[in-house]
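# Structure at a glance
Residue strings, one per chain:
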Amino acid sequence: MHLLIPAAGSGKRMGANRNKLLLQVRSKPLIAWTLLAAEAASSISWIGIVSQSADWDDFKSIIADLNLKKTIALIPGGSTRQESVYNGLQALPLNAEQVLIHDGARCLVTPNLFDACSEAILHCPGLIAAVPVKDTIKVVDDNGIITSTPDRKQLWAAQTPQGFDVNLLKQCHTQGVRQGWEVTDDAALFEKCGMEVRIVPGEETNLKITTPQDLAIAEFILSHRY
Ligand code: C5P
């Protein structure tokens with residue numbers, strides 16, 4: 001299975017002046033934990049890291065330090081996640097039929113979740129890891145007034161990995177560029193094109209590290225794993 005890791009963001013919401021994936025968690029850069037999980041997933045054979053060229057020296061030394069055995073490609077990032085994934089899709093080897101996309105910022109993913117998604121994507125055109133929402137979710141207008149309360153039973157929190165048939169996802173991205181769609185995950189493009197996306201059970205610990213609090217939670221979870 002081919003895996004693309006969007007890793008070209010900034011550290012804005014983290015309050016950091018550099019790519020948050022280079023911040024340390026448990027004495028390793030955050031992205032190192034994501035890469036170690038991908039390396040340990042038996043289904044993954046090729047890893048493409050999409051990142052800003054300014055970070056490439058750091059990424060190269062992280063890859064060397066981890067002594068990873070899998071084939072790794074560095075791919076230039078875009079100005080949005082959507083653009084970064086688009087670049088990643090163009091850089092896939094020609095024989096790639098399915099692809100998993102996993103945010104570098106979800107460094108607590110397990111090898112098992114990668115393998116479960118790799119297996120499931122052989123049987124459907126598109127999938128995402130997701131977990132049922134625990135909170136009651138409110139829709140709120142610009143004045144801070146609640147406009148509705150969706151039925152919680154139908155709400156799932158989207159995670160990555162997300163998996164797709166490569167040709168279909170390329171078509172959806174091209175359509176997205178043509179129509180000017182701006183989305184925050186690849187499943188949304190698939191949905192907008194009227195294609196079915198299946199849910200695979202995600203992991204409660206598979207957090208997207210976004211704020212300093214998330215970093216502290218990641219430290220805690222990793223300290224109980226290793
Ligand atoms: O900012 P956020 O955490 O939502 O980004 C999700 C993932 O997308 C992160 O792993 C980030 O590095 C990546 N990203 C990207 N290119 C961008 C912006 C974000 O690859 N231009």
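All values reported here derive from a predicted model rather than from experimental measurement. (Residues numbered from 1 in each chain as written. Predicted model: local features only at pLDDT ≥ 70, side-chain atom pairs only at ≥ 80, totals over all residues. Heavy atoms only, no water.)

Next up on the list: the packing of aromatic side chains. Counted according to the given criterion, the structure contains one aromatic pair. Judged by centre distance (4.9 Å) and plane angle (55 degrees), the ring pair of Phe164 and Phe190 falls under tilted. With a gap of 26 residues between them, Phe164 in strand E10 (residues 156-165) and Phe190 in helix H6 (residues 186-192) connect regions that are remote in the sequence. This pair shows no difference in class: Phe164 is buried, exactly as Phe190 is. Sitting above the plane of the Trp33 ring, Lys28 keeps its charged end 5.4 Å from the centroid. (Phe/Tyr/Trp six-rings, centres within 6.5 Å; stacked < 30°, edge-to-face > 60°. Helix = DSSP H or I, 4+ residues; strand = E, 2+ residues; numbered from the N terminus. Buried < 20%, exposed > 50% of the residue type's maximum accessible area, 1.4 Å probe, protein only. Lys NZ or Arg CZ within 6 Å of the ring centre and 35° of its normal.)

Right, let's talk about helix H3 (residues 81-90) for a bit. Buried residues of H3: Gln82, Ser84, Val85, Gly88 and Leu89, and no others. Projection of H3 onto a plane perpendicular to its axis shows the buried side chains occupying an angular sector of 160 degrees, all on one side. Contact partners of the buried residues in H3: strand E1 (2-6), strand E4 (46-51), strand E5 (71-76), strand E6 (98-101), helix H5 (166-179) and H6. (Arc of directions from axis to C-beta. Contact = heavy atoms within 4.5 Å.)

Surrounding the ligand, one finds 16 residues, the nearest of these being Pro6, Ala8, Lys20, Ser84 and Lys208. One nitrogen or oxygen atom from the side chain of Lys20 is found 2.7 Å from an oxygen atom belonging to the ligand. Ser79 is positioned with one of its backbone polar atoms (N or O) 3.5 Å from a nitrogen atom of the ligand. Considered on its own, the ligand offers 460 Å² of accessible surface; in the complex 86% of this is hidden by protein. Considering only residue class, the shell around the ligand consists of five nonpolar, six polar and five charged. (Near = heavy atom within 4 Å. Polar contact = N/O pair within 3.5 Å; in protein donor to acceptor, adjacent residues only side chain to side chain. Areas by Shrake-Rupley, 256 points an atom, 1.4 Å probe, with all protein chains shown as cover. Nonpolar A, V, L, I, M, F, W, Y, C, P; charged D, E, K, R; others polar.)

With that out of the way, let us pick up the nonpolar core. By size, the foremost hydrophobic cluster in this structure holds 44 residues, and its most contacted members are Leu35 and Phe114. Of all elements in the fold, only E1, helix H1 (30-40), E4, helix H2 (56-66), helix H4 (111-120), strand E7 (126-132) and helix H7 (212-225) reach the threshold of two or more residues within this core. Per-element accounting of this core gives the leading share, seven residues, to H1. The contact partners of Leu35, leaving out residues within four places of it in the chain, are Ile5, Ile47, Ile49, Ile62, Ile63, Leu66 and Leu68. Trp46, Ile75, Ile128 and Ala130 belong to the second-largest nonpolar core, a separate cluster that totals 22 residues. (Core = buried A, V, L, I, M, F, W, Y, C linked by side-chain atoms within 4.5 Å.)

Right, let's get into the pairing of E7. A regular strand carries its side chains on alternate faces of the sheet. Here E7 lies mainly inside the structure; six of its seven residues are buried. In this structure, E7 lies alongside E10, joined through six bridges in antiparallel fashion. Opposite Pro132, over in E10, you have Trp156 as the bridge partner. Bridging between E7 and strand E11 (residues 198-201) involves four bridges; their strand directions are parallel. If you follow Ala129 over to E11, its bridge partner there is Val200. (Pairing = 2+ DSSP bridges.)

What follows covers H7. For H7, spanning 14 residues, the distance from its first C-alpha to its last is 20 Å, which sits close to the expected 20 Å at 1.5 Å a residue. Those residues of H7 not exposed but buried are Asp214, Leu215, Ala218, Ile221 and Leu222. Projected down its long axis, H7 shows its buried positions confined to an angular sector of 130 degrees, all on one face. Opposite its buried face, H7 presents the exposed residues Gln213, Phe220 and His224, each directed more than 90 degrees away. Looking at the packing, one finds that the buried side of H7 touches strand E2 (24-25) and H1. (Expected span 1.5 Å × (residues − 1).)

Attention shifts here to the environment of Gln98. Following the sequence through the fold, Gln98 ends up in strand E6. When the C-alpha atoms of Gln98 and Gly88 are compared, they prove to be 13 Å apart, with 10 residues separating the residues in sequence. Apart from residues lying up to four places away in sequence, Gln98 is in contact with Met1, His2, Ile121, Leu122, Phe164 and Val166.

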